[in-house]
Amino acid sequence: GGLPGPSVINNAEQYNGSSWSNIPTLGTARGYMAGATNAPYTATVVFGGSTGAGGPFRNETEEYSGSSWAEQSNMTAARNYLAGFGTQTAAVAAGGQDGNPGRPTLVEEYNGSSWTNGTAIPTGAFAWGGCGTQTTGLVVGDVPGKAATYNGTSWTNISYLNSPGNYNKVCGTSASAIQAGRNPTSNNQVEEWNGTSWFNSAQLATARFNGTNAGTTSSNLVAGPPTATEEFTGGTETITASTLTTS
């Protein structure tokens, strides 16, 4: 999915370590959705989104088996710009934008067949990213900045990024995560989380925000928008941009 122009699309692609290839399309065309960021591509789930930045909002849930997409139970609340994390059978949808004033604190949990309400996030947020499993989750982003971890039962506020921004994409877990690119204006800043604090890491070769971030802090993939793809092999703030490759 996505919104590369005036209309949303239902395209889907997979990456094999060197190139992208088309896979079956989503049943519902949309952008600004979230998914189970710690699921393998052969057993993942995507949810929410919208057909425009300000709506109409969507609550559809679709699972991918490695060969086809299948519609599942809808989320309770339609919304976009939400944070998602977990696996196909244990996913979390946090915050988002639903067209009402303010920022929603709603959290929903997915068990592979249906959604139920979970523990609300401490402070409502949207235009942010999530990573981890249902019991090692992390969310970060929005303006003013917010960040928190989730243990499957409760949320804990943590320190925010050193440089503020939203439309964040993050991967990893609550103990070790990496966040790459953000708004305002596309930028190439990258920060890593070590379970205690954020620190600056090797910068992206291509400035961006609101793309895709997958993998771990030692094997990281960042893609789009619009098409640039970069891989990061791990390190600390002392690693230079030479560790990044563009495909």
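Residues numbered from 1 in each chain as written. Predicted model: local features only at pLDDT ≥ 70, side-chain atom pairs only at ≥ 80, totals over all residues. Heavy atoms only, no water.

Let us look at the overall build of the protein. For the protein, the helix and strand inventory stands at 0 helices and 22 strands. Here the protein has a C-alpha radius of gyration of 16 Å; the compact-globule value for 247 residues is 18 Å, and the two agree. Taken along its principal axes, the extent of the C-alpha atoms in the protein is 45 × 40 × 30 Å. Among the 247 residues that make up the protein, the fraction classed as buried is 49%. Of the contacts formed within the protein by residues at least 6 apart in sequence, a portion of 43% connects residues at least 24 apart. A distance of 7 Å separates the average location of the 8 positive side-chain charges in the protein from that of its 14 negative side-chain charges. (Helix = DSSP H or I, 4+ residues; strand = E, 2+ residues; numbered from the N terminus. Rg over C-alpha atoms; globule rule 2.2 N^0.38 Å. Buried < 20%, exposed > 50% of the residue type's maximum accessible area, 1.4 Å probe, protein only. Contact = heavy atoms within 4.5 Å. Lys, Arg positive; Asp, Glu negative; His and termini not counted. Charge placed at Lys NZ, Arg CZ, Asp CG, Glu CD.)

A separate point is the sheet that holds strand β13 (residues 146-150). Spatially, β11-β12-β13-β14 is the arrangement adopted by the 4 strands of the open sheet, whose pairing is antiparallel. Two strands in the sheet have a free side with no partner beyond their single neighbour: β11 (128-131) and β14 (155-157). Direction aside, the axes of adjacent strands within the sheet are offset by 20 degrees on average. Alignment of β13 against β14, held across 3 bridges, turns out to be antiparallel. (Pairing = 2+ DSSP bridges. Axes fitted to C-alpha atoms, helices over the stretch in contact; angles between N-to-C directions.)

On to the pairing of strand β21 (residues 229-232). In this structure, strand β20 (residues 219-223) lies alongside β21, joined through 4 bridges in antiparallel fashion. Looking at β21, one finds that Asn 220 is bridged to Phe 232. Taking the residues between adjacent antiparallel strands as the criterion, β20 and β21 are bridged by 5 residues, where Gly 224 takes a positive phi near 65 degrees.

Let's shift gears to the pattern of salt bridges. By the definition in use, this model includes 7 salt bridges. Note that Arg 30 and Glu 62 form a salt bridge whose closest N and O atoms lie 2.9 Å from each other. In this pair, Arg 30 is assigned in the loop between β2 (20-23) and β3 (34-35) and Glu 62 in strand β5 (residues 61-64), connecting sequence segments 32 residues apart. Judged on exposure class, the residue Arg 30 and its partner Glu 62 are both buried. Glu 191 is paired through a salt bridge with Arg 182; the nearest N and O atoms lie 3.2 Å apart. Looking at Arg 182, the relative accessible area reads 0%, which means it is buried. Members of the salt-bridge network, linked through shared partners, are Arg 103, Asp 142 and Lys 146. (Salt bridge = Lys/Arg side-chain N within 4 Å of Asp/Glu carboxyl O.)

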